[in-house]
Amino acid sequence: MTASDVAFAPAQPRKRGPLGRLYHGETKIDFIGRTKLWFTLSAIFLIIGLASLFTRGLNLGIDFEGGAIFQVPSSTMSVSEARDVVSGFGQGGAKIQEVTSESGRSISVQTDTLDPTKSVQLRDALAAKANIPPEQVNRQEVGPSWGKEITQKARNALIVFLLVITLYITIRFEFKMAVPTLAALVHDVLITVGVYSLSGLEVTPATVVALLTILGYSIYDGIVVFDKVNENTRLVSATNGVSYSDMVNLSLNQTLMRSLNTSIAAVIPIMSLLVIGSVVLGAKTLEEFGLALLIGLISGAYSSIFIASPLLAIMKEREPRNRDIRRRIETRGATRRAEPERVEAATTEANGEEVREPVAVPAAAGSSSRVATNIPPRPRKKGKRR
Amino acid sequence: MRRSGALSLVFIVVLAVAWLAYTLTLGGHSPQLGLDLQGGTSVVLAPKEKANQDQLDEAIAIIRRRVDGLGVAEPEITRQGDFIVVSLPGVKNVDRAIEVVGQTAKLQFRPYCGSLPTHQPDAVYDEALSPSGQFGSCVAPSAAASSTPGSDTGAPPTSVQSSVPAEPGAPATTAPTTSSQTGLGIPPHGHLSASQTPATDTTTTAPPAAAPTTTAPAGSAPPAPTTTAPANPLACGAAGDRASTTPDNQGIIATDDPNKDGSIDQCDVLGPTALSGTAVSDAQAAIPQGSWLVDLTLKDSGLQGFNDLSSRCYNKDATCPGGSTAIVLDGQVQSNPVPQTPTFTSNQIQITGNFTNKTASDLALVLRYGSLPIELQRQRVETVSATLGRDSLHAGLVAGFVGLALVALYMILYYRALGIVVVLGLSVWAALNYCIIVWLSGNAGLALSLAGVTGIVVSVGVTTDSYIVYFERMKDEVKTGKTVRAAVDYGFKRAWHTIVAADLASFIGAVLLYWLTVGAVRGFAFFLGLSVLLDLFTAYFFKRPMVAWLVRSRWLTDARWIGVRAGLGMEPVARETPIAAPAGGGGR
């Protein structure tokens, strides 16, 4: 069947549209060739984000800064009434907002750190003004050292996390795959932090949770692509006319639909959390989780394709073997362009053996059958390469 | 292979259905909710200075006892790193609870005056503490520092004996009990002896007050051992409730060792603090001669105060008519050993008695804790009203279900019949997840928080992805010309490798987060980790067998719009031989 496949492809080009090709994993997008473009794009975003981070900083919630929040459910109390009460406690600078949720309207008052007695008094005063029993007031009070503690803990967790993941990827794949994964991680976190800084959205512990989730996703995405790369590694050879970069590109195209589907499947629940949970039903905490997740998820999907993989290609192309292969392919480039079919046939033939032996080996290098069909487009793509 | 596949399919479906049915009918119905979903108060405490594990655990035991005393339903007190997180759902007096929970627990050595029955009117206890009362001279405020030797040595011991229940340790003879709620072992009342003189110890083999006899306390009402009241400080009235906060130079009414069921038999009247727990240098449980004891080492500076107390008690003078010293932690008597000698020359002291390994270790722990009590600082207080909690839960649930439904819809549109596998798989996954959560919340005190709900919602994405990875692999396989049936197995082998690699990364992340962080992040990590493990489980035992079973149906495989082939992007079957048809090869 391989033979017929090879014979057909050039003679009767497939009439699939771009979506069809995407669906069948036959896209020929040159991700690696435009590495500079992606890196520049990311660099611009990162610079804007970092600039904002250093100039505007982050809008840290009371969990990080210390302070107290009182949420007083009341349909009647106005913001100015609440301010009057709060001013009586020397908290003229308190942030006072009207919040609407599923169960009605409430007034949220955020003050600096209060000592325990004052905090109770203020709560009682607000409750009295709103004409409700004090127990109905939601109170959150955070000491000044808590933020430091949890920030430190989160940072430690992050460092250990990165080390362990590096170790894991090094053992499971190789060190050179760990580096791009980490780079993509840092990229995603910085982008998310940048968006938070630019938008002035409040950073809460929920945001930190979301950020850590993003790390998980980012790694997850990267591993799926790298698993494919690992599997395709044996395709890289001068005879096949496939350089390491070409192979990474091929792997990316093959997993593109998976990456998209996964991102869609992950974004749907989060959008639901954001739109239904937070906007429709007014649960603010869900919004805190959802927003950071959404930004990070999109960034994660982007970075696994446009940052991690090109970086891997760049690093691997420096290895003597891969450099050599690349040089040989380039010197033969002209010939190949002249008669692509020949190379195509050679490529398929080289893989012919494996096609007949539909590998059960789950391991890394165990390339397979699928390669055979996916190879044919390759030389054509190379030919069209800009 | 096929057979084992069918078996595991049946197994997992039966497991999910049966367990879900059990959970919904008998097994607890729904998980315990975190405070952010249920409403309530949570307090995070942290020691001011670095504390070790033992100290923190002891501090938690003390807090638990206090919280139990407040009558809070289902309190949750956990240690997260160096933090102690106290969750109090539905507590009535929030302000009082917050205050009580954060107080520093002190260990004290006090003279034992005598006992009173439980559940008396406050007046009875107040009277006992008044200067003119039964224990007036014993509980009289100590004017000077505790190091001054007892001045009232003139009081004849006989007269004291007549007015006081002779046997302080009587009710405790029941057993070296352990309070089940606190985990704090309450050792039996023992003796104090100088540890380096075992020879002289034998000469005092029959310590008069020590023999844990069953003598009823004379001259007072029976201590009502049948009471079913919990170890509530209020068993000893308001005075008992105040015991832990009363200044050191005043007498107190403390609760006696609780029994196994948490009830207490008597209230102990104690004199002013003679020696504070900080005088303890070290304490260890030991078993030198076949019976457990506690080796207590005092700081040199503490010896004088200790001798002062023991001589007063040894002589049973008016300031220690009970004849024993009470070791009090946080207003609760831990042990009241009888000194075997009026003065100890060395700071090495042995507490002997009817100890078991556990009770001796527990007492040693209490003493060590007392030597360096942890001062807890309030880090974070959050009170969520029940309405806000309900809103969040409702919003989270609605959002979760809508999200799940949309994902299912997308999967069916995209993968057609294979999408059904995703829907069923997600259902099995969700059912098992729910059962495990309910089970854990019943048995391990796990509470589902908003962050946890988010973790689960997020893991829907991860779980769905493992199906996507598999189906995309199958797509790859059929493209090389394999039949759908062949692709089921080959695709799975490849996909399994990827799924394990990726899930393992997520799981490592979850474990690390759980281990290294506090609060919301922790809850999130737990549920994420749980869901990821379940994903691996269902992927292996459900996903492949289910797909294999599905493609046995020719109709489901070949149907033009909904079939598996359509879902895998294969050409529709033209003729009658679908299996043999060349796959993915020709043009459209």
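Rules used throughout
Along every chain, residues carry numbers that run from 1 in the direction the sequence is written. Chain letters start at A and ligand numbers start at 1, both assigned in the order the entries are written. Whole-chain, interface and lining totals are the exception, using all residues; otherwise, since this is a predicted model, local features are given only for residues with pLDDT of at least 70 and side-chain atom pairs are given and counted only at 80 or more. Only hydrogens and water are set aside; all other atoms, that is, all heavy atoms of the structure, feed into the side-chain values. Only DSSP runs of H or I covering at least 4 residues are called helices, and only runs of E covering at least 2 are called strands; the numbering of each starts at the N terminus. Here's how the labels work: a residue is buried when its accessible area is under 20% of the maximum for its type, exposed when over 50%, partly exposed in between, all with a 1.4 Å probe on protein chains only. Residue contacts are counted whenever heavy atoms from the two residues lie within 4.5 Å of one another. Think of a nonpolar core as a cluster: buried Ala, Val, Leu, Ile, Met, Phe, Trp, Tyr and Cys residues, connected wherever their side-chain atoms sit within 4.5 Å. The axes are straight lines fitted to the C-alpha atoms, using for helices just the contacting stretch, and the angles between their N-to-C directions are given from 0 to 180°. What sets the label is the angle itself: under 35 degrees gives roughly parallel, over 145 gives roughly antiparallel, 65 to 115 gives roughly perpendicular, and the rest give oblique. A clockwise turn of the near helix away from the far one marks a right-handed crossing, whereas an anticlockwise turn of less than a right angle marks a left-handed crossing. By the convention adopted, Pro, Cys, Tyr, Trp, Phe, Met, Ile, Leu, Val and Ala count as nonpolar, Lys, Arg, Asp and Glu as charged, and the other residues, Gly among them, as polar. Note on patches: the residues involved have over 30% relative accessible area and no salt bridge, like charges join within 9 Å, and the nonpolar side chains Val, Leu, Ile, Met, Phe, Trp and Tyr join within 5 Å. Per-residue accessibility takes into account occlusion by the displayed protein chains alone, with areas from the Shrake-Rupley method and a 1.4 Å probe. Any carboxyl oxygen of Asp or Glu that lies within 4 Å of a side-chain nitrogen of Lys or Arg is treated as forming a salt bridge with it. Confidence of the predictor in every single residue is expressed as pLDDT, which spans 0 to 100. Two strands are said to pair when DSSP picks up at least two bridges between them. Buried area: the accessible surface (1.4 Å probe) lost by two parts on joining, summed over both. Each pair of aromatic rings taken from Phe, Tyr and Trp, with Trp reduced to its six-membered ring, is defined by centres within 6.5 Å and is described as stacked if the planes are under 30 degrees apart, edge-to-face if over 60, and tilted in the remaining cases. Cavities and pockets were defined on a 1 Å grid built from protein atoms only: a cavity is a group of points that admits a 1.4 Å probe but offers it no way out, a pocket is an open group of points flanked by protein on both sides within 12 Å along at least five of seven lines, and a lining residue is one with an atom within 4 Å of any such point. Grid points are joined across faces, edges and corners, and a volume is the space filled by probe spheres set on the points.

Draft legend 1. The overall build of chain A, seen in detail. A tally of regular secondary structure across chain A gives 16 helices and 6 strands. In chain A, which comprises 386 residues, the proportion classed as buried is 56%. Taking all contacts inside chain A whose residues are at least 6 apart in sequence as the whole, residues at least 24 apart take part in 77%.

Draft legend 2. View of the nonpolar core. Within the largest apolar cluster, 149 residues are counted, with the highest numbers of intra-cluster contacts made by Val229(A), Leu418(B), Val421(B), Phe471(B) and Val547(B). If one sorts the elements of this core by residue count, helix α14 (residues 450–479) of chain B sits on top with 15 residues. Residues within four places of Val547(B) in sequence aside, it is in contact with Leu418(B), Val421(B), Tyr470(B), Phe471(B), Met474(B) and Val488(B). In terms of nonpolar packing, the next biggest core, distinct from the first, is built from 49 residues, Leu296(B), Phe344(B), Ile349(B) and Val381(B) among them.

Draft legend 3. Inspection of the packing of helix α7 (residues 144–172) of chain A against helix α15 (residues 484–516) of chain B at higher detail. Packing of α7(A) against α15(B) leaves a shortest axis separation of 9 Å and a crossing angle of 155°. As far as their axial angle goes, α15(B) and α7(A) are roughly antiparallel. Between α7(A) and α15(B) lies a crossing of right-handed hand. In this structure, α7(A) uses Lys153(A), Asn156(A), Ala157(A), Val160(A), Phe161(A), Val164(A), Ile165(A), Tyr168(A) and Arg172(A) to contact α15(B), whose residues at the interface are His497(B), Val500(B), Ala501(B), Leu504(B), Ala505(B), Ile508(B), Gly509(B), Leu512(B), Leu513(B) and Leu516(B). Along the lines of polarity and charge, the residues of the contact of α7(A) with α15(B) split into 14 nonpolar, 3 polar and 2 charged.

Draft legend 4. Summary view of a nonpolar patch on the surface. Together, Met271(A), Val275(A), Val279(A) and Val280(A) make up an exposed nonpolar region whose accessible area comes to about 360 Å². For Val280(A), a relative accessible area of 58% gives the class exposed.

Draft legend 5. Expanded view of the confidence of the model for chain B. Residues and elements named next belong to chain B. Confidence in the prediction of chain B, expressed as mean pLDDT, is 74, and 79% of residues score 70 or more. Below a pLDDT of 50 lies the segment residues 144–188, which in the model reaches 97 contacts outside its immediate sequence neighbourhood of four places, other chains included. In this model, residues 196–231 is a region of pLDDT below 50 whose contacts with residues beyond four sequence positions or in other chains number 44 contacts.

Draft legend 6. Highlighting the pairing of strand β4 (residues 107–116) of chain B. All names here are of chain B. Summarising burial for β4: 10 of the 10 residues are buried, a large majority. Of the pairings in the sheet, the one linking β4 to strand β11 (residues 325–329) comprises 5 bridges and is antiparallel in character. When the bridges of β11 are listed, Phe 109 appears paired with Ile 327. Inspection of the sheet shows β4 paired to strand β8 (residues 275–276) by 2 bridges, in the antiparallel sense. Each bridged residue has a counterpart across the sheet, and for Phe 109 the counterpart in β8 is Leu 275. Strand direction decides the pairing type here: β4 and strand β7 (residues 267–270), joined by 4 bridges, are antiparallel. Residue pairing for β7: Leu 116 is matched across the bridge by Cys 267.

Draft legend 7. Looking closely at the interface of chain B and chain A. With 82 residues of chain B at the interface, the matching set in chain A holds 83 residues. For the pair chain B and chain A, the summed buried surface comes to about 7300 Å²; carbon and sulfur atoms form 62% of the total. For the chain B face of the interface with chain A, the top three residues by lost area are Lys479(B), Arg494(B) and His497(B), together amounting to 9%. Taken together, the connections running from chain B to chain A amount to 7 salt bridges. Across the pair Arg258(A) and Asp465(B) runs a salt bridge whose closest N-O atoms are separated by 2.7 Å.

Draft legend 8. Representation of the packing of aromatic side chains in the model. Residues and elements named next belong to chain B. One pass over the full model with this rule turns up 18 aromatic pairs over all chains. Their ring planes at 85° and their centres at 5.3 Å tell us that Tyr 470 and Phe 492 sit as a pair that is edge-to-face. On the criterion of sequence distance, the pair formed by Tyr 470 in helix α14 and Phe 492 in helix α15 is long-range, its members being 22 residues apart. Side by side, Tyr 470 and Phe 492 carry an identical accessibility label, which is buried. Linked through ring pairs, Tyr 410, Tyr 414, Tyr 415, Tyr 467, Tyr 470, Phe 471, Phe 492, Trp 496, Phe 537, Tyr 540 and Phe 541 together constitute an aromatic cluster.

Draft legend 9. Geometry of empty space enclosed by the protein. If you walk through the whole model with that rule in mind, you get 14 cavities of 30 Å³ or more. Within this model, the largest cavity holds a volume of roughly 130 Å³. Every residue lining the largest cavity is counted, 14 residues in all, and those nearest its centre are Thr213(A), Gly216(A), Tyr217(A), Ser506(B) and Leu528(B). Of all elements in the fold, only α9 (205–232) of chain A together with α14, α15 and α16 (520–550) of chain B reach the threshold of two or more residues within the lining of the largest cavity. When grouped by side-chain class, the residues that make up the lining of the largest cavity number 10 nonpolar, 4 polar and no charged. Taken as a whole, the second largest cavity holds about 100 Å³ of empty space. Considering the residues around the second largest cavity, the lining is formed by Val224(A), Lys228(A), Gln254(A), Thr255(A), Arg258(A), Val469(B), Glu472(B), Arg473(B), Asp476(B) and Thr498(B). Secondary-structure elements contributing two or more residues to the lining of the second largest cavity are α9 and α10 (244–280) of chain A together with α14 of chain B.

Draft legend 10. Looking closely at the environment of Thr76(A). Residues and elements named next belong to chain A. As for its position among the elements, Thr 76 is in the loop between β2 (67–73) and α5 (79–87). Each C-alpha atom of the pair Thr 76 and Ser 106 lies 9.0 Å from the other, and the pair is 30 residues apart in sequence. Ignoring sequence-local partners within four residues, the contact set of Thr 76 consists of Glu 81 and Arg 105.

Draft legend 11. Seen up close, the pattern of salt bridges. Scanning the entire structure with this criterion turns up 26 salt bridges over all chains. With a closest N to O distance of 3.0 Å, Arg123(A) and Asp124(A) form a salt bridge. Lys48(B) serves as the salt-bridge partner of Glu375(B), at 2.9 Å between the closest nitrogen and oxygen. Placement of the pair is Glu375(B) in the loop between α11 (357–371) and β15 (376–384) and Lys48(B) in the loop between β1 (40–47) and α3 (53–70), with a sequence separation of 327 residues. Residue Glu375(B) is classed as partly exposed on the basis of its relative accessible area of 40%.

Draft legend 12. Structural detail: the layout of surface pockets. All names here are of chain B. Computed from the structure, the second largest pocket encloses a volume of approximately 620 Å³. Contributing elements (two or more residues each) for the lining of the second largest pocket: α12 (386–415), α13 (417–443) and α14. When the residues that make up the lining of the second largest pocket are grouped by side-chain class, the tally is 18 nonpolar, 5 polar and no charged.

Draft legend 13. Up close: the pairing of β11(B). All names here are of chain B. Of all 5 residues in β11, 5 are buried; the element is thus mostly enclosed. Judged from the 3 bridges that link them, β11 and strand β12 (residues 332–335) form a sheet pairing that is antiparallel. Along β12, the bridge assignment pairs Leu 329 with Gln 332. The loop that links β11 with its antiparallel partner β12 comprises 2 residues; one of these, Asp 330, has a positive phi angle of about 55°.

Draft legend 14. The confidence of the model for chain A, seen in detail. For chain A, per-residue confidence averages 76 on the pLDDT scale, and residues scoring 70 or more make up 80% of the total. Low confidence marks residues 336–386 of chain A, where pLDDT is under 50. Its contacts with residues over four positions away, or in another chain, come to 86 contacts.

Draft legend 15. Structural detail: the side chain of Ser42(A). Residue placement: Ser42(A) occurs in helix α3 (residues 35–55). Excluding residues within four positions of it along the chain, Ser42(A) makes contact with His187(A), Tyr302(A) and Ile307(A).

Draft legend 16. Spatial organisation of the environment of Pro269(A). Inspection of the secondary structure puts Pro269(A) in helix α10. Sequence separation of Pro269(A) and Gly290(A) is 21 residues, and the distance between their C-alpha atoms is 9.3 Å. Pro269(A) has contacts with Gly403(B), Val407(B), Val457(B) and Val460(B), leaving out every residue within four places of it along the chain.

Draft legend 17. Expanded view of unusual backbone geometry. Positive phi outside glycine occurs at Asn131(A), with the angle close to 65°. Structurally, the position occupied by Asn131(A) is in the loop between α6 (116–130) and β5 (138–142). Here Asn131(A) falls in the exposed class, since its relative accessible area comes to 70%. Phi angles above zero are rare outside glycine, and Lys316(B) is one such case at about 50°.

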